[in-house]
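Structural description and commentary
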Amino acid sequence: MRAYDVILKKRDGHELSEAEIEFMVDGFVKGEIPDYQMAAFLMTIYFKHMNAEERYNLTEIMAKSGDSIDLSFVPGIKVDKHSTGGVGDKTTLVLAPMVASCGLPVAKMSGRGLGHTGGTIDKLEAIPGFKTSLTETEFKKSVKDHLIAVVGQTANLAPADKKIYALRDVTATVDEISLISSSIMSKKLAAGADAIVLDVKVGSGAFMKDIASATDLARAMVDIGKKHGKAMVALITDMDKPLGYTVGNAIEVEEAIDTLKGKGPADLEVLCIELGAQMLKLGKITGTLDTARKMLEDSIESGKAIEKMKEMIESQGGNSSVVDDTALLGISKNAFELKSWKDGYVTSMNAEGIGIASMKLGAGRETKEDKIDLSVGIRLSKKTGDSVKVGETLCTFYYNSEEKLKATIEVVRASYILSDVKPQKTKIVHGVVE
Ligand code: URA
């Protein structure tokens with residue numbers, strides 16, 4: 001077999017066999033196929049796409065390129081959740097304690113932030129003392145004793161995806177449905193869950209800018225998972241504005257804690273209840289979504305969810321007093337308020353712009369090697385749909401470097417579209433793909 005012939009076949013729009021896909025992926029991982037041929041191959045997929053069978057094979061080959069996690073020590077059905085990435089997305093911080101407090105074990109590996117999207121592991125590290133890297137024994141003990149552990153990815157999951165993603169990132173081949181779905185699902189399959197709830201974001205802060213393409217992506221991932229014998233559900237959820245009112249690390253933990261106490265923003269709470277209900281149902285904790293929603297609402301009202309957050313923090317070596325005193329999170333004291341320049345409404349927001357601004361402030365990474373500042377971030381006072389008056393605060397920057405603040409203000413200003421037009425209310429969940 002020759003890489004040239006496989007590229008040509010896909011370039012001309014034909015279906016590739018499992019052996020041909022395996023030849024390309026394995027050859028690239030082993031260094032036998034050079035970057036330029038793999039880049040051309042990825043570009044042919046970008047333009048000619050893959051059908052369901054090809055996507056299934058690509059996912060399987062990438063999933064098997066590294067370790068597989070054995071979650072057999074976790075009792076019952078193992079349910080995982082994955083978000084395609086957004087701005088202000090602190091869902092896991094809220095969802096994990098909520099569902100664990102309802103009896104569903106959470107043994108979760110999460111990622112770090114890159115580019116305009118944040119990562120759960122960075123956020124958790126804003127909690128003083130919290131260890132995101134546990135030994136296998138500690139991880140298992142935390143799940144056994146407390147039904148919860150959230151750690152960074154230590155195992156070598158889907159290394160083929162890692163190598164291919166790095167090439168996609170520099171060849172404008174990230175945003176293609178076959179490539180995204182196989183990339184995400186290869187890691188999810190290797191992570192060992194029986195059931196997966198996907199949170200597929202749509203809007204200005206997401207990969208998928210419209211509901212039709214987000215639904216196609218969700219369908220592709222659900223189909224891949226089902227073909228691998230996993231129970232799957234995907235929610236299509238709004239990312240046309242940041243989720244909640246905070247973007248950063250420590251500042252997002254603070255909002256997650258407020259939400260677990262029942263004092264969080266409505267969009268975040270509703271999203272966590274909807275995703276959590278799907279998780280409880282797939283985990284057979286309860287038979288219907290309505291009873292699952294009720295259990296989750298009760299977990300907040302009764303204080304069980306915030307207690308579980310405390311338990312998780314303690315079991316992972318952190319200072320659980322942050323739950324009662326969020327000043328311990330160390331959000332920067334240097335604050336700058338951006339004021340409205342117009343009377344009217346926030347007609348729309350560029351969520352990606354807010355994510356980029358937070359990154360430039362120091363809360364995120366432009367490249368994997370960048371160090372981040374957990375104490376900086378942006379608190380929104382106004383979001384899409386809110387009315388504004390000249391001189392009112394749109395948002396507050398918490399910063400540590402004047403230079404970085406300067407580089408950020410204009411990005412945020414340009415991300416707020418203010419006008420006389422009051423936009424229509426949008427839903428947080430746009431659809432469900434099963
Ligand atoms: N996240 C991934 O892991 N892979 C993609 O291709 C896109 C988002």
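Note that the coordinates shown come from a computational prediction; the quantities given were computed from them, not determined experimentally. (Residues numbered from 1 in each chain as written. Predicted model: local features only at pLDDT ≥ 70, side-chain atom pairs only at ≥ 80, totals over all residues. Heavy atoms only, no water.)

Take the site of the ligand next. In the region of the ligand, the neighbouring residues are Tyr165, Arg168, Ile180, Ser183, Ile184, Lys187 and Phe207. In this structure, an oxygen atom belonging to the ligand sits 2.9 Å away from a side-chain N or O atom of Arg168. In the model, an oxygen atom of the ligand is placed 2.4 Å from a nitrogen or oxygen of the Lys187 side chain. Taken by itself the ligand offers 240 Å² of open surface, and the protein chains cover 87% of this. At the level of secondary structure, the elements contributing two or more residues to the shell around the ligand comprise helix H8 (159-169) and helix H9 (177-190). (Near = heavy atom within 4 Å. Polar contact = N/O pair within 3.5 Å; in protein donor to acceptor, adjacent residues only side chain to side chain. Areas by Shrake-Rupley, 256 points an atom, 1.4 Å probe, with all protein chains shown as cover. Helix = DSSP H or I, 4+ residues; strand = E, 2+ residues; numbered from the N terminus.)

Attention now goes to helix H5 (residues 91-101). For H5, the buried fraction is high: 11 of the 11 residues fall into the buried class. All buried positions along H5 are accounted for by Thr91, Thr92, Leu93, Val94, Leu95, Ala96, Pro97, Met98, Val99, Ala100 and Ser101. Positioned one or two residues after H5, Gly103 has a phi angle of 100°, which is positive. (Buried < 20%, exposed > 50% of the residue type's maximum accessible area, 1.4 Å probe, protein only.)

Moving on to the domain arrangement of the protein chain. Taken domain by domain, the protein chain holds domain 1 (3-48), domain 2 (79-323) and domain 3 (331-419). A C-alpha centroid distance of 24 Å is found between domain 2 and domain 3. Taken together, the contact pairs 27 residues of domain 2 with 28 residues of domain 3. Each partner contributes to the roughly 2,100 Å² buried at the junction of domain 2 and domain 3, and carbon and sulfur atoms together form 59% of this total. There are 4 salt bridges connecting domain 2 and domain 3. The partner of Arg365 in a salt bridge is Asp122, with the nearest N and O atoms 2.9 Å apart. Along the contact surface separating domain 2 from domain 3 lie 14 residue pairs in polar contact (both at pLDDT 80 or more). Mapped by element, the contributors of at least two residues to the side of domain 2 that touches domain 3 are strand S6 (246-248) and helix H11 (250-260). Tallied by class, residues from the side of domain 2 that touches domain 3 come to 10 nonpolar, 9 polar and 8 charged. (Domains from an automatic or database assignment. Contact = heavy atoms within 4.5 Å. Buried area = accessible area lost by both parts, 1.4 Å probe. Salt bridge = Lys/Arg side-chain N within 4 Å of Asp/Glu carboxyl O. Nonpolar A, V, L, I, M, F, W, Y, C, P; charged D, E, K, R; others polar.)

Our focus in this paragraph is the packing of aromatic side chains. A complete count under the given rule lists 3 aromatic pairs for this structure. Measuring from ring centre to ring centre gives 6.2 Å for Phe73 and Phe139, while their planes differ by 70°; the resulting arrangement is edge-to-face. Residue Phe73 is found in the loop between helix H4 (52-63) and strand S1 (79-83), and its partner Phe139 is found in helix H7 (residues 136-146); the two are separated by 66 residues along the sequence. Per residue, the accessibility class of Phe73 equals that of Phe139, and both read buried. Plain terms: the ring middles of Phe336 and Phe397 are 5.8 Å apart, the flat faces sit at 55° to each other, and that makes the pair tilted. Here Phe336, found in strand S7 (residues 335-339), pairs with Phe397, found in strand S11 (residues 393-398); they are 61 residues apart in sequence, far enough to count as distant. (Phe/Tyr/Trp six-rings, centres within 6.5 Å; stacked < 30°, edge-to-face > 60°.)

Attention now goes to the nonpolar core. Counting residues in each nonpolar core, the largest one holds 78 residues, and the members touching the most others are Met98, Phe397, Val412 and Tyr416. It is helix H12 (residues 266-282) that provides the largest number of residues to this core, a total of 9 residues. Mapping this core onto the domain boundaries places at least three of its residues in each of domain 2 (79-323) and domain 3 (331-419). If near-sequence neighbours (up to four positions away) are discounted, Met98 is found in contact with Leu260, Cys272, Ile273, Leu296, Ser299, Ile300 and Ala305. (Core = buried A, V, L, I, M, F, W, Y, C linked by side-chain atoms within 4.5 Å.)

This part is about the sheet that holds strand S5 (residues 231-238). Reading across from one edge, S1-S4-S5-S13 is the order of the 4 strands in this open sheet, with mixed pairing throughout. Of all the strands in the sheet, the pair left with one neighbour each is S1 and strand S13 (429-433). Within this sheet the neighbouring strands show an average axis-to-axis angle of 15°, counted without direction. Packed on one face of the sheet, H12 meets S1, strand S4 (195-202), S5 and S13 and runs near 155° to S4. (Pairing = 2+ DSSP bridges. Axes fitted to C-alpha atoms, helices over the stretch in contact; angles between N-to-C directions.)

What follows deals with the packing of H5 against helix H13 (residues 289-301). Between H5 and H13, whose axes approach to 9 Å, the crossing angle comes to 105°. Classified by the angle between their axes, H5 and H13 sit roughly perpendicular to one another. Contacts from Met98, Val99 and Ser101 of H5 reach H13 at Leu296, Ser299 and Ile300. Residues that form the contact of H5 with H13 fall into these classes: 4 nonpolar, 2 polar and no charged. (Parallel < 35°, antiparallel > 145°, perpendicular 65-115°, else oblique.)

Quick look at unusual backbone geometry now. Even without glycine at this site, His49 takes up a positive phi of about 65°. For His49, the location among the structural elements is in the loop between helix H3 (35-48) and H4. Phi at Lys284 takes a positive value of approximately 55°, unusual for a residue other than glycine. Checked against the element boundaries, Lys284 lands in the loop between H12 and H13. Residue class for Lys284 comes out exposed when judged on its relative accessible area of 68%.

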